[in-house]
Amino acid sequence: MNFSWTELAGTLHKTGMSFVLILASSLLAVEPAQSGSVKRIDTGASQITVAFDDLVEGASAFSLIGPNRIAIDVRGGKAGRGGRATGMVKAIRQGQFDSNTARIVFDLDQPAIITSGGFSADGKSLHLNLKSVTGNGSLGGRQTFLPPLRFRAEPPKNTYSVKAPIGRPKDLVALPKIYGPNDPERPLVVLDAGHGGHDPGAISPHGNQREKNVTLAIARAIRDRLVASGRVRVALTRNTDKFLVLEERYGIARRLDADLFISIHADAAGNEEASGATVYTLSEVASDREASKLAARENKSNVINGVNLGGTNQELSSILIDLTQRETMNVSADFAKLLHREGRRAMPFRSNPHRFASFVVLKAPDTPSVLFETGYLTNRNDAAFLNSQNGQSRIADGVANAIETHFARKLAQR
């Protein structure tokens, strides 16, 4: 394929936004004037009803796949406990997304969309109608529902607020070399080899391979394949055996104004039969327990002798996610699907290849990002494949094809 990249920079996903950080703590009144707690949740064959013990500001709902879920965010609401799961709803989870928003997640046994819904006349219950869809379907976007005006809680009032731009991250580490064409209009991909230095990552029981070495070899192979084609520019967060905290990794991508960030890993599991690659994208609500555990394990890479070297607390992480453009997360999810489509021709993937979790390394608010688990070092066949020149070359071909197709699509959308 021959691509024309002239004037491409203006058409790629460059947010150029002025992200704003709301400095909360004692400066803001964080409690809403009224706060309705979730009192009861009922589900039926194709309905969901959420009842509150007091007024709320409103709610929004959206459908998700991988696995299939319906999520409801209740503004001015407090999470309750559980609920009665029947019909297509397998399980119900609740949690406090932030001080003024309760999130309810319904695990479904099939993909479904919300066809209609609304609040009751007194504003104290929300009713949603669902319809199952085949395959992945078109799940649509977020739908918003408001109680009647006279039965609507007022949003919290700020006693005082300060706004400051997040801006670019500080120069904590030197920026790496950019390989490929000397053309700033070509797309820039940043490859992040997971772990490094004193942090070996997973260690294989089959040959003692260390994740930090395997991921670096794979990142170099992908770089070389991309440089050979000459269609994109590429940089590595690390090209040697050195340690970087998680924020420095995506911080490099932001400072370079990268168009795509790929963090490369090799997983470990207690079950040696587990095998195949997985692609993760960012979500505060993990797609499954395994994804949640993996994110928790990877996010601990910053903690050395009980000290968190990253310096980004959970409050800031949540704010960054709240400020992330929906477009950034959509682009990340689209690339994850493309990586599976192109990569499966060259390497094995798991049966459920696209998953979601709250990985710190994916929290750049303005850079589409994925975490690519290339396989399991605890599986004998995966370990041999990942540590072989042939395996690394095949992975590089699959990833490079996905990257080049991704940017060719962007160009075609002009």
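What counts, and where the lines are drawn
Think of each chain on its own: its residues are numbered from 1, step by step along the sequence as written. A pLDDT threshold of at least 70 governs which residues receive local features in this predicted model, and a stricter bar of 80 or more applies before side-chain atom pairs are shown or counted, although totals over entire chains, interfaces and linings include all residues. Computation of side-chain values covers all heavy atoms of the structure but excludes hydrogens and water. For every residue, the predictor states its confidence as a pLDDT score lying anywhere from 0 to 100. Contacts were defined at the residue level, with two residues in contact if any of their heavy atoms lie within 4.5 Å. A strand pair is defined by DSSP finding two or more bridges across the two strands. Strands here mean DSSP runs of E at least two residues long; helices mean DSSP runs of H or I at least four residues long; both are numbered from the N terminus. All axes are obtained by fitting lines to C-alpha atoms, using only the stretch in contact for helices, and the reported angles, taken between N-to-C directions, cover 0 to 180 degrees. Each aromatic pair joins two rings of Phe, Tyr and Trp (for Trp, the six-membered one) with centres within 6.5 Å, and gets the label stacked for planes under 30 degrees apart, edge-to-face for over 60, and tilted for any other angle. Ring-over charges, as used throughout, are those where CZ of Arg or NZ of Lys falls within 6 Å of the ring centre and within 35 degrees of the ring normal. To sort residues, take the accessible area from a 1.4 Å probe on protein chains only and compare it with the maximum for the residue type: under 20% means buried, over 50% means exposed, and anything in between is partly exposed. Residues adjacent in sequence count toward polar contacts only when both atoms are side-chain atoms; beyond that, a polar contact is any pair of N or O atoms within 3.5 Å, and within protein one must be able to donate a hydrogen and the other to accept it. Residues belong to one nonpolar core when they are buried, are Ala, Val, Leu, Ile, Met, Phe, Trp, Tyr or Cys, and are joined through side-chain atoms within 4.5 Å.

Mean pLDDT over the protein stands at 80; residues scoring 70 or higher make up 76%. In this model, residues 4–33 is a region of pLDDT below 50 whose contacts with residues beyond four sequence positions or in other chains number 81 contacts. Segment residues 303–324 is flagged for pLDDT under 50; beyond a separation of four residues in sequence, or across chains, it makes 38 contacts in the model.

All right, on to the sheet that holds strand β14 (residues 188–193) then. Across the sheet, seven strands lie side by side as β13-β15-β14-β16-β21-β17-β20; this open sheet has mixed pairing. Looking at which strands have only one partner, the edges of the open sheet turn out to be β13 (178–179) and β20 (349–357). Sheet analysis places β14 next to strand β15 (residues 233–236), joined by four bridges and oriented parallel. The residue of β15 that forms the bridge with Val190 is Ala235. The sheet strands contacting helix α1 (residues 211–229) are β13, β14, β15, β16 (260–267) and β21 (369–376), and the helix crosses β16 at an angle near 140°.

All right, on to the side chain of Thr215 then. Positionally, Thr215 belongs in helix α1. The residues contacting Thr215, other than those within four sequence positions of it, are Ala193, Gly194, Arg238, Ile264, His265 and Ala266.

In this section: the sheet that holds strand β8 (residues 101–108). One open sheet accounts for five strands, arranged β7-β8-β5-β4-β11; its pairing is antiparallel. Each having just a single partner strand, β7 (89–98) and β11 (143–145) make up the two edges of the open sheet. On average, each strand axis in the sheet is tilted by 20° relative to the strand beside it, whichever way the strands run. Judged from the eight bridges that link them, β7 and β8 form a sheet pairing that is antiparallel. Among the inter-strand pairings, Ile92 is bridged to a residue of β8, identified as Phe106.

Moving on: the packing of aromatic side chains. As enumerated under the stated definition, the model contains three aromatic pairs in all. Judged by centre distance (5.3 Å) and plane angle (65°), the ring pair of Tyr280 and Phe359 falls under edge-to-face. With a gap of 79 residues between them, Tyr280 in strand β17 (residues 277–282) and Phe359 in the loop between β20 and β21 connect regions that are remote in the sequence. Lying over the aromatic face of Phe97, Arg103 brings its terminal NZ or CZ to 4.4 Å of the ring centre. For Arg223, the ring lying beneath its charged end belongs to Tyr179, and the centroid distance is 4.7 Å.

Take the pairing of strand β9 (residues 112–119) next. The side chains of a regular strand alternate between the sheet's two faces. Bridge analysis of β9 against strand β10 (residues 125–132) gives seven bridges, and the strand direction is antiparallel. From the neighbouring strand, Phe119 faces β10, where its bridge partner is Leu126. Counted along the chain from β9 to the antiparallel partner β10, the turn is five residues long, and its residue Gly123 has a positive phi close to 75°.

Once that is clear, we can look at unusual backbone geometry. Backbone geometry places His195, a non-glycine residue, at a positive phi of 65°. On the secondary structure map, His195 appears in the loop between β14 and α1. A residue is classified by how much of its surface remains accessible, and His195, at 8% relative accessible area, is buried. Located in the positive-phi region is Asp257, a residue other than glycine, with phi close to 60°. Structurally, Asp257 can be placed in the loop between α2 (246–255) and β16. Assessed through its relative accessible area of 40%, Asp257 is described here as partly exposed.

Topologically, Gln94 is positioned in strand β7. Looking at Gln94, its side chain comes within polar contact range of the main-chain nitrogen of Gly80, at 2.7 Å. The contact partners of Gln94, leaving out residues within four places of it in the chain, are Val38, Ile41, Ala79, Gly80, Arg81, Gly82, Arg103 and Ile104.

Counting 39 residues, the largest nonpolar core has Leu191, Ile262, Phe372 and Ile403 as the members making the most contacts within it. One finds Val56, Ile104, Phe106 and Ile114 within the second-largest nonpolar core, a separate group that totals 25 residues.

Moving on, we come to the pairing of strand β2 (residues 36–43). Alignment of β2 against strand β6 (residues 77–78), held across two bridges, turns out to be parallel. Residue pairing for β6: Gly36 is matched across the bridge by Gly77. Looking at chain direction, β2 and strand β3 (residues 47–52) are connected through five bridges and run antiparallel. Across the sheet, Arg40 pairs through a bridge with Ala51, a residue of β3. Remark: three residues form the turn of the hairpin made by β2 and β3, two consecutive strands paired antiparallel.

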